[in-house]
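Residue-level structural notes
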Amino acid sequence: MSKKILLDVKNLKLYFRTRSGSVQAVDDVSFRLEAGKTLAVVGESGCGKTSLAKAILRLLPRNISTYSGSIIFDGEDIMKYSDEKFRREIRWSNIAMVPQASMNSLNPVMRIEDQLIEPLLLHDRHMSKKKALDRVNEVFNIVGLPTDFLRRYPFELSGGMRQRATIAMALASNPKLVVLDEPSSALDLLTQANLMNVLKKIKHEFNTTFILITHDIGTASELADEIAVMYAGEMVEFSSADYFYTDAHHPYSRKLMASVPTLREDKELQFIPGQPPSLINPPQGCRYSARCEKRFEKCSMHPKTTELEHGAQVKCWLYDETGEVKHA
Amino acid sequence: MPNVAVNLPQEQPEQEVPVLRVENLHTWFEIRRMGFIKAGVVRALDGVSFELYQGETISIVGESGCGKSTLAKTILGIHHPTKGAIYFENRNLSDLDKQGWKKYRSSVGYIQQDPYGALPPFMSVQRILEEPMKINGISNKKEQAKRIRQVMEEVKLAPIEDFLYKFPHMLSGGQQQRLVIARAMILGPKLLIADEPVSMLDASVRVEILQLMQGLQKKHNLGIIYITHDLSTVRYFSERIFSMYGAKIIEKSATKALLKQPRHPYTQALFEATSDPDAENLKSFKEVPTGEPPSLMNPPKGCRFHPRCSKIIKGLCDKEMPPEFKINEEQGAACWLYKEDE
Ligand SMILES: Nc1ncnc2c1ncn2[C@@H]1O[C@H](COP(=O)(O)OP(=O)(O)O)[C@@H](O)[C@H]1O
Ligand SMILES: Nc1ncnc2c1ncn2[C@@H]1O[C@H](COP(=O)(O)OP(=O)(O)O)[C@@H](O)[C@H]1O
Ligand code: SF4
Ligand SMILES: [Mg+2]
Ligand SMILES: [Mg+2]
């Protein structure tokens, strides 16, 4: 069985221009994602997770200084598409995004139903209103919302329901890839668990590919097949969830895992002293080196990404080209 | 109304007086439409009782809107209780005069929920730390400087000179929270009330702050009330856990006992809903109740959790409010499942 790569990102960069200099929010990020799999992107706030999502969806603010690399989606380099073509053929129809806190950005004076059919009608001039309504009913069922809620206004729904409505909106076009930016962070624990159940169901039933951005690794593990760790704008590790939680490669990933409290297991929690570097003029060498316990001479140079077995990759001098651990 | 208090896990000497005793506490808010028409009452805190001894830490867990912050603010005197009483070292707060309140306020440190709103943006670190001392009559400059030095060392805002003249926005999230803790400690409190002190922080910083608070607790033998919605952090902290639902405490358990076996169906649901990082999680769905927490303006009859509870005893749970039942020396729950057979 050959595995289909849905998304192949190579050397993606997104820098922002600011008065104090260029912010390297996404710096030379490369990874591949198989169709039907979920990638969780984790890391501390400010490490570039949202910027990565925006770079993939080409949702760019005005102050861009660099935007480069290639994004092969379903076999096509969509970086080469014009903005018009990207808007028509990619965004929403094939790659949909549920932005951070989007449940609070529904239009308060429009019924949910009208907000959901609008993009369907806009994207497909030939679609009848009846057909759009059918689809909207369908996605409401998929996310587990009663369809009579379609006639309601956002304020009549609880936070968890509004979040499901925004996910329904993203699913309406039947996209191949859905990017979820912190979908459950603002929700209560039980609501969050219910939402993860819904996403899991969608993943199994429709084989949807997800990129799940979160700082909550426990919740991520409900959905993630692969884990990408970002640190100071770079993707420092990409590994299978099968071993990431117990045997992460990068020293930062390991420390990050050691800082996650667990309910069912008593472990000694650790924290990482210090702070991530500024993304304006970040250090020349490994960006984690100032905080890394394993640091050695080579770390003052910029580490390249080493491919390990099973498609894992790690950006750390401890691993050389053969994937063998040198100084661990 | 029967209210069987749960015994403390550790034996308390007969004569020891609790630092804090809260008795049948109610805090209701009147909601008015157009400023004067009474539209209803929010029962934000609806009959809460417990005791806390010197050096003891308790965690209060529950989802947003269940009344945690209202409990904290009522204890602190920010809200006036509608009914019930609060005793600090055996003195009823309602008997305190102005001087007594001043003394009480300096004995209870408060870490409020919103770290950004907590710090006045135009005050330097030094002024932020001086403020509570000025209000409480510590005007000697030497004494002020000494205390500032001491708390800043304790919360590791060092070297001190680097921080004294900074403004809150110049500090990282973790440093801001350490400043909030320093301010809460500056009058030498006996009790610290920490309302979601780490919720807004990244994982690593969260651990740093929790360990810092743990250290302060040991060093000063502080009583701590740690409020959180995250069950996974409580083990590192508290001797007892209270879980809250619908403005009531519905379980009181020793931490170890609860982590082994949560008793109230709601605590069980919180437990089930919490994910530890584990690749096995991919393979199963979580069995958690759907629906929403109850309205506190119009709470359901009987047990407030009954509309969502899978273990409901029809005819009982939906009719009568369960009292607090003692399950064993370490655990108690307000749930009809634990009613002893006659
Ligand atoms: N439009 C922008 N202009 C300048 N800097 C930005 C802009 N958007 C984000 N940043 C900066 O880029 C970095 C990464 O931000 P973000 O992608 O939002 O991180 P995360 O989602 O991981 O918290 C941060 O330092 C942030 O301040
Ligand atoms: N000052 C107030 N006036 C009216 N209602 C309030 C007030 N403060 C809190 N509430 C309500 O009381 C309930 C409990 O709130 P709160 O104590 O903040 O819960 P938690 O801290 O557990 O999230 C909520 O329904 C909230 O909306
Ligand atoms: S009292 Fe009844 S409804 Fe309430 S939690 Fe216990 S079993 Fe469930
Ligand atoms: Mg973000
Ligand atoms: Mg609160």
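1. Focus on the overall build of chain A
When helices and strands are counted, chain A shows nine helices and twelve strands. For 328 residues, the compact-globule estimate of 2.2 N^0.38 gives 20 Å, and the C-alpha radius of gyration of chain A, at 21 Å, lies within 12% of that figure. If one aligns the C-alpha atoms of chain A with their principal axes, the spans along those axes are about 65 × 50 × 50 Å. The 328 residues of chain A split such that 57% are buried.

2. As for the sheet that holds strand S2 (residues 37-52) of chain B
Residues and elements named next belong to chain B. Read across the sheet, four strands follow the order S2-S1-S4-S5 without closing on themselves; strand pairing throughout is antiparallel. Every other strand in the sheet has two partners, leaving S2 and strand S5 (91-92) as the edge strands with one partner each. Examined bridge by bridge, strand S1 (residues 20-33) and strand S4 (residues 83-88) share five bridges and lie antiparallel to one another. Bridging across to S4, Arg21 finds its partner in Tyr87.

3. As for the sheet that holds strand S8 (residues 209-213) of chain A
Residues and elements named next belong to chain A. As summarised here, the arrangement of the eight strands in space is S6-S7-S8-S3-S9-S10-S12-S11, forming an open sheet in which the pairing is mixed. Each edge of the open sheet is held by one strand with a lone partner, namely strand S6 (95-98) and strand S11 (305-307). On average, each strand axis in the sheet is tilted by 20° relative to the strand beside it, whichever way the strands run. As defined by bridge partners, S6 adjoins strand S7 (residues 177-181) across four bridges and the pair is classed as parallel. Bridging from a neighbouring strand, Ala96 pairs with Val178 of S7. Along the sheet, helix H1 (residues 49-57) contacts strand S3 (38-42), S6, S7, S8, strand S9 (226-231) and strand S10 (234-240); its crossing angle with S6, the most-contacted strand, is approximately 150°. With respect to the sheet, helix H6 (residues 189-206) is in contact with S3, S7 and S8, its orientation differing from that of S8 by roughly 155°.

4. Examining the domain arrangement of chain A
Residues and elements named next belong to chain A. Domain assignment breaks chain A into domain 1 (5-94 + 175-284) and domain 2 (107-174). Between the C-alpha centres of domain 1 and domain 2 the distance comes to 26 Å. Every contact between the two is made by 19 residues of domain 1 and, on the other side, 17 residues of domain 2. Summed over both partners, the interface of domain 1 with domain 2 buries about 1,400 Å², with 72% contributed by carbon and sulfur atoms. Seen at the junction of domain 1 and domain 2, the total is zero salt bridges. For the pair domain 1 and domain 2, the number of links is four residue pairs in polar contact (both at pLDDT 80 or more). Breaking the side of domain 1 that touches domain 2 down by element, the ones donating at least two residues are helix H2 (83-89), S7 and H6. For the side of domain 1 that touches domain 2, the element with the highest residue contribution is H6, accounting for eight residues. Considered class by class, the residues forming the side of domain 1 that touches domain 2 number eleven nonpolar, three polar and five charged.

Analysis parameters
- Residues numbered from 1 in each chain as written.
- Chains lettered and ligands numbered in written order.
- Predicted model: local features only at pLDDT ≥ 70, side-chain atom pairs only at ≥ 80, totals over all residues.
- Heavy atoms only, no water.
- Helix = DSSP H or I, 4+ residues; strand = E, 2+ residues; numbered from the N terminus.
- Rg over C-alpha atoms; globule rule 2.2 N^0.38 Å.
- Buried < 20%, exposed > 50% of the residue type's maximum accessible area, 1.4 Å probe, protein only.
- Pairing = 2+ DSSP bridges.
- Axes fitted to C-alpha atoms, helices over the stretch in contact; angles between N-to-C directions.
- Contact = heavy atoms within 4.5 Å.
- Domains from an automatic or database assignment.
- Buried area = accessible area lost by both parts, 1.4 Å probe.
- Salt bridge = Lys/Arg side-chain N within 4 Å of Asp/Glu carboxyl O.
- Polar contact = N/O pair within 3.5 Å; in protein donor to acceptor, adjacent residues only side chain to side chain.
- Nonpolar A, V, L, I, M, F, W, Y, C, P; charged D, E, K, R; others polar.

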